[in-house]
Amino acid sequence: MNESATQSAIETVVRQSYGQIVAYLAARSGDVAGAEDALSDAFLAALRRWPVDGVPDKPEAWLLRAARNRQIDSARRDQVRLRSSEYLQQIAEEAQTMATTIDSFPDERLKLLFVCAHPAIDVAARTPLMLQTVLGIDAARIASAFLVAPKAMSQRLVRAKTKIRDATIPFRVPEPQEWSERLAFVFDAIYAAYTTGWESGSDSGSTHAALAEEAIVLCRVLVTLVPSEPETHGLLALMLHCQARRKARHSSEGRFIPLDRQDTEQWSRPLMEEAEEHLHLAAAFDRMGRFQLEAAIQSVHARRAVTGETDWQAIALLYEGLVRVAPGIGALVGRAVALAQAGDPVTGLKALGDIPADRVTTYQPYWAARGHLLHLLGRNSDARAAWQRAIGLTDDPALRQYLMERIG
Amino acid sequence: MLIFHGSKADFDRRTDPKKGPVFWSEFMAYLQAIQNAGVVIAGAGLEVPENGKIVRVRDGSSQVQDGPYAETKESLAGFLLIEVASLEVALDWAKKSPWATHASVEVRAIMPPGDVRAPILPA
């Protein structure tokens, strides 16, 4: 077998089982960085051996065994220093059982996800940590997706892993009483990956845009691990509906196209269908939540591909539900716009006015929405002033140009 | 500090009969937004480097030379001194500036006020 074939065999295993192997190793040692190091040593060993011996039948098991041996070697070195014969014994026994039982190893990725989104971990590190440990994405790529210097991102990741090891953050699924809160942290970290990638402009080939796709991959993993949690399906449905419209958001010249002007022919049917499937799966549990509501709003928008119209009454109603469950600034602005689009711009503008001023000073969508509602009411000079604020607050050149044109 | 660097083309954009008005209305919108956020301490836009002078004092005599300072592709076009909670917030403001979409914005921290003692002068 030649080298490039080995390389591609290894890459396939990395994509498919990196997270599973890291999770399995780290769940036993409590040391994520050590698990990753052991696995990368195993990859190096595979690069040497597989071209000679051929790719093994169960490459994951082979890698896991190699990584585990490496881990045991380094643990033994540490323990010799500490002179703990009891621990050495334990490791030796484990090495024995592993040799016979490792061919099918349990999937510990859910525990790993909970560790990555543990409250003791810095919020800014949670998403990068998931992308690296569960999907095996390297720090440099994560850094460029988050527009952070590679060195700064590496340090952030190292700090987080040291914290996991030194604070002995447990690799376990949370107790029922803390389940919802802890799961919400996992959702937030995955959704943060999506929104960070989403905000990238028309350049769909950028690593920044790729982040949105990685977020969907992460969420698909989460859905397989916790299929009985409706919000998991809701989150995936939300991201899939948004992702379906990615191409339609910009013209071929890179100009921004607002949702209600997008050509529905450009929307991805397979992604919309997958989104709808997950919304249905979620609905079966009869437990509404923030992400299901947001996905349902996107689902109503998606129906325009079939009916040619947008049911703004339905959207306004869903936003009423959403602001009760999760009164975030985005939901409050969305509700105001929906009210206006449903035929009542006066109430919509009042709803915008009810949002505390200190929450909207630098919130760009608020000013864009305010401009739009004032424009609907014929208050054109006020609308221009609001759009000016929106222009000053966006970092998306396409959106800036679009708003400049609306000002005229 | 947000430091706006630009090439000759970026400077020319500011006075271009077609691109100039668009540039300025975008940039003024940005300035208004960042000022409304209450983070700006000071700022200025600079004239083209060709209009500048470079001063050196050597061996007691001063030399004044016409700009630009050096034959570099980019020169300083302006700056904003802002006070924000973190580097991330400063980077966000840098990204929002229309200058960043065609030229570049450097983000630098201000040195902390240190233990700078006045040199002891001979009596």
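Provided above is the structure to which this section pertains.
Residues numbered from 1 in each chain as written. Chains lettered and ligands numbered in written order. Predicted model: local features only at pLDDT ≥ 70, side-chain atom pairs only at ≥ 80, totals over all residues.

Engineer: What am I meant to see in the overall build of chain B here?
Structural biologist: A count of helical and extended segments in chain B gives four helices and six strands. Since a compact globule built from 123 residues should have a radius of gyration of about 14 Å, the 18 Å found for chain B marks it as more spread out than a globular shape. With respect to the three principal axes, the spread of C-alpha positions in chain B is 60 × 35 × 20 Å. (Helix = DSSP H or I, 4+ residues; strand = E, 2+ residues; numbered from the N terminus. Rg over C-alpha atoms; globule rule 2.2 N^0.38 Å.)

Engineer: It is not clear to me how the interface of chain B and chain A should be interpreted in this structure. Could you clarify?
Structural biologist: Note on interface size: it is often stated as the accessible area lost on association of the parts. Contact residues are listed per partner, giving 13 residues for chain B and twelve residues for chain A. At the level of secondary structure, the elements contributing two or more residues to the side of chain B that touches chain A comprise α2 (19-36) and α3 (87-96) of chain B. By residue number, the principal contributor to the side of chain B that touches chain A is α2 of chain B, which donates eight residues. Considered class by class, the residues forming the side of chain B that touches chain A number six nonpolar, four polar and three charged. (Contact = placed C-beta atoms within 7 Å. Nonpolar A, V, L, I, M, F, W, Y, C, P; charged D, E, K, R; others polar.)

Engineer: Which parts of the structure should I look at to understand α2 of chain B?
Structural biologist: One turn of the α-helix equals 3.6 residues, which is why residues spaced by three or four share an orientation. Compared with an ideal rise of 1.5 Å per residue, which puts 18 residues at 26 Å, α2 of chain B spans 26 Å between its outermost C-alpha atoms and is within 8% of the ideal. The set of residues buried in α2 of chain B consists of E26, A29, Y30, A33 and I34 of chain B. Buried residues of α2 of chain B, seen end-on, are gathered within an arc of 130 degrees and therefore sit on one face of the element. Contacts made by the buried residues of α2 of chain B are with α20 (380-393) and α21 (397-407) of chain A together with β2 (40-45), β5 (75-82) and α3 of chain B. Count one or two residues on from α2 of chain B and you reach G38 of chain B, which has phi positive near 70 degrees. (Expected span 1.5 Å × (residues − 1). Buried ≥ 20, exposed ≤ 12 C-beta atoms within 10 Å, placed from the backbone. Arc of directions from axis to C-beta.)

Engineer: Would you explain the packing of helix α6 (residues 123-135) of chain A against helix α9 (residues 176-198) of chain A in this entry?
Structural biologist: Packed helices, taken two at a time, are described by the angle between their axes plus the distance between the axes. Residue and element names in this part refer to chain A. Taken N-terminus to C-terminus, the directions of α6 and α9 make an angle of 85 degrees; their axes are 9 Å apart at the nearest point. Relative to α9, the element α6 lies roughly perpendicular. Residues R126, T127, M130 and L131 of α6 pack against A189, A192 and A193 of α9. Residues that form the contact of α6 with α9 fall into these classes: five nonpolar, one polar and one charged. (Axes fitted to C-alpha atoms, helices over the stretch in contact; angles between N-to-C directions. Parallel < 35°, antiparallel > 145°, perpendicular 65-115°, else oblique.)

Engineer: What's the story with the environment of L377 of chain A in this structure? I'm lost.
Structural biologist: All names here are of chain A. Position of L377 among the secondary structure elements: in the loop between α19 (364-376) and α20. Taking the number of C-beta atoms within 10 Å as the measure of exposure, L377 has 15 and is therefore partly exposed. When the C-alpha positions of L377 and D166 are compared, they lie 59 Å apart, and in sequence the two are 211 residues distant.

Engineer: Please clarify how the nonpolar core should be interpreted in this entry.
Structural biologist: Soluble globular proteins tend to pack their nonpolar side chains together in the buried interior. Residues and elements named next belong to chain A. Counting residues in hydrophobic clusters, the biggest one holds 125 residues, and the most contacted among them are V22, L63, L113, I190, A215, M239 and A336. There are two domains that each give this core at least three residues, and those are domain 1 (3-106) and domain 2 (311-408). Setting aside residues up to four positions removed in sequence, I190 forms contacts with A215, L218, C219, L222 and L235. (Core = buried A, V, L, I, M, F, W, Y, C linked by C-beta atoms within 7 Å. Domains from an automatic or database assignment.)

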